[in-house]
Amino acid sequence: MLSIESLEVRYGGITALRGVSIDVKEGETVLLVGANGAGKSSLINAIIGVVPTCGGTIRFKGQDIGALSCDRRAKAGVGYSPEGRRVFPRMSVADNVLSGAFGLGRKRQQEAFDWLCEAFPILATRAHQPAGQLSGGEQQIVAFARAMSSYPPFLLLDEPFLGLAPVWIQRISDAIRQVQKRGTTILMTEQMARPALKLATRGYVMRGGEVRRSGSVAEIRDIALAEEYL
Ligand SMILES: Nc1ncnc2c1ncn2[C@@H]1O[C@H](COP(=O)(O)OP(=O)(O)OP(=O)(O)O)[C@@H](O)[C@H]1O
Ligand SMILES: [Mg+2]
């Protein structure tokens, strides 16, 4: 579904990604682990098109999307939940979630919202409250629900567990399992390798802007856990 080859990203003189190649097949949940500054967000941001690349290719469903705008990539089916649970703080919870369901008709928007409320009852009980008033874990649910509200076939999750208490890590994990059951293909980054390894089928370990190791969850478990404490 996603095939990245020899990707290079630089910020001025800083090289953030160096010859990164990864693949995600349909139906897989693939994990990118690595310490702070490894290049995880740079890779995600290059895929959604907010960070320019200076080499390599990004193919999605067989099409080279490297020259497409962010908007066209989203419409092609690339969903994204940002690092740091970014929500629109003054907008209501419901409007935050539905802001992700652009382009769907009203009926499908309502369907999406109903499904998400069923999965996360908090969206219903807090629907009209400004999202900025919610706790960190609750805001992460809102950010995740926004990413899911357009039913993207492919979902990018940038550190969905960052800064969350174990009970919220559990809830977000359950949510990810639900979208896996719907057949969604996922590429997620996480420093917290332990809970993320339970969700993934395969993974890549990044360090210093490069992929250092790849393999099944069993194959990368030890190095991923060691990387967590760097
Ligand atoms: N906008 C930017 N301008 C300059 N340098 C940047 C920028 N964004 C990231 N970097 C640098 O690029 C490298 C990779 O950063 P990136 O955010 O991709 O890592 P990460 O693996 O997501 O880290 P974290 O776990 O802290 O989120 C780091 O050295 C970082 O300082
Ligand atoms: Mg990051």
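Structure: see above.
A quick note: this is a predicted structure, and the numbers were derived from the prediction, not measured.

> So what exactly am I meant to see when it comes to the overall build of the chain here?
Counting secondary structure elements, the chain contains nine helices and ten strands. Taken against the 2.2 N^0.38 rule, which gives 17 Å for 230 residues, the C-alpha radius of gyration of the chain at 17 Å falls within 12% of a compact globule. Dimensions of the chain, computed from the C-alpha atoms along their principal axes, are close to 45 × 35 × 35 Å. Split into buried and exposed, the 230 residues of the chain put 52% on the buried side. Total accessible area computed for the chain in this model is approximately 10500 Å², and 50% of it derives from carbon and sulfur atoms. The positive charge centre, built from 28 side chains, and the negative charge centre, built from 22, are 2 Å apart in the chain.

> Would you mind showing me how to read the site of ligand 1 here?
Around ligand 1, a shell composed of 14 residues is seen, among which Asn36, Gly37, Lys40, Ser42 and Glu83 lie nearest. Taking Ser42, its side chain carries an N or O atom lying 2.5 Å from an oxygen atom of ligand 1. Gln191 is positioned with one of its side-chain polar atoms (N or O) 3.0 Å from an oxygen atom of ligand 1. With the chains in place, 63% of the 640 Å² that ligand 1 exposes on its own is no longer accessible. Counting only elements with at least two residues in the shell around ligand 1, the list comes to strand S2 (14–24) and helix H1 (40–48). The greatest single-element share of the shell around ligand 1, amounting to three residues, is contributed by H1.

> Would you take a moment to explain the coordination of the magnesium ion (ligand 2) for this structure?
Perfect tetrahedral coordination of a metal by four donors corresponds to 109.5 degrees between them, and perfect octahedral coordination by six donors corresponds to 90 or 180 degrees. Listed as protein donors to the magnesium ion (ligand 2) are Ser41 (OG) and Glu83 (OE); their distances from the metal cover 2.0 to 2.1 Å. One end of the pair, Ser41, is in helix H1; the other, Glu83, is in the loop between strand S6 (78–81) and helix H3 (93–98), with 42 residues separating them in the sequence.

> How should I be thinking about empty space enclosed by the protein in this particular structure?
Taking a probe equal in size to a water molecule and rolling it over the atoms shows the remaining empty space. The tally for this structure, following the rule as stated, stands at one cavity of 30 Å³ or more. Considered as a void within the structure, the largest cavity measures approximately 30 Å³ in volume. Those elements that provide at least two residues to the lining of the largest cavity are helix H4 (106–119), helix H6 (136–148) and helix H7 (166–181).

> How should I be thinking about unusual backbone geometry in this particular structure?
Peptide bonds are mostly trans, and most non-glycine residues show a negative phi. Residues other than glycine seldom take positive phi values, yet Lys61 does so here, at roughly 50°. As for its position among the elements, Lys61 is in the loop between strand S4 (55–60) and strand S5 (63–64). Despite not being glycine, Tyr151 shows a phi value in the positive range, around 50°.

> Is there a simple way to think about the side chain of Arg146 in this case?
In this structure, Arg146 sits in helix H6. Although Arg146 lies buried, it forms no salt bridge, and the closest oppositely charged side chain, Asp95, sits 11 Å away as judged by the N-O distance. Dropping the residues within four chain positions of it, Arg146 is found in contact with Pro82, Arg86, Val87, Phe88, Asn96, Val97, Ser99 and Gly100.

> Whenever I open this one, the layout of surface pockets confuses me. Can you help?
Taken as a whole, the largest pocket spans an internal volume of roughly 570 Å³. Taken together, 25 residues line the largest pocket, and the ones lying closest to its centre are Ala74, Val78, Gly79, Tyr80 and Phe102. Listing elements by their share of the lining of the largest pocket, those giving two or more residues are helix H2 (70–76), S6 and H6. Sorting elements by how many residues they give to the lining of the largest pocket places H2 first, with five residues.

> I keep staring at the sheet that holds strand S8 (residues 185–190) and nothing clicks. Help me out?
Sheets are built from strands paired through backbone hydrogen bonds, the pairs being either parallel or antiparallel. Across the sheet, which stays open at both edges, the six strands sit in the order S6-S7-S8-S3-S9-S10 with mixed pairing between neighbours. At either margin of the open sheet sits one strand with a lone partner, and together these are S6 and strand S10 (210–216). On average, adjacent strands in this sheet sit at an angle of 15° to one another, irrespective of strand direction. The pairing of strand S3 (residues 29–33) with S8 spans five bridges and is classified as parallel. If you follow Val33 over to S8, its bridge partner there is Glu190. Packing against the sheet, H7 makes contact with S3, strand S7 (154–158) and S8, and its axis sits at approximately 155° to S8.

About the thresholds
Residues numbered from 1 in each chain as written. Chains lettered and ligands numbered in written order. Predicted model: local features only at pLDDT ≥ 70, side-chain atom pairs only at ≥ 80, totals over all residues. Heavy atoms only, no water. Helix = DSSP H or I, 4+ residues; strand = E, 2+ residues; numbered from the N terminus. Rg over C-alpha atoms; globule rule 2.2 N^0.38 Å. Buried < 20%, exposed > 50% of the residue type's maximum accessible area, 1.4 Å probe, protein only. Areas by Shrake-Rupley, 256 points an atom, 1.4 Å probe, with all protein chains shown as cover. Lys, Arg positive; Asp, Glu negative; His and termini not counted. Charge placed at Lys NZ, Arg CZ, Asp CG, Glu CD. Near = heavy atom within 4 Å. Polar contact = N/O pair within 3.5 Å; in protein donor to acceptor, adjacent residues only side chain to side chain. Donors = N, O, S within 2.8 Å, 3.2 Å for Na, K, Ca; no water. 1 Å grid on protein atoms, 1.4 Å probe; cavity = no way out; pocket = protein on both sides within 12 Å on 5 of 7 lines; lining within 4 Å. Points joined across faces, edges and corners; volume = space filled by probe spheres on them. Salt bridge = Lys/Arg side-chain N within 4 Å of Asp/Glu carboxyl O. Contact = heavy atoms within 4.5 Å. Pairing = 2+ DSSP bridges. Axes fitted to C-alpha atoms, helices over the stretch in contact; angles between N-to-C directions.

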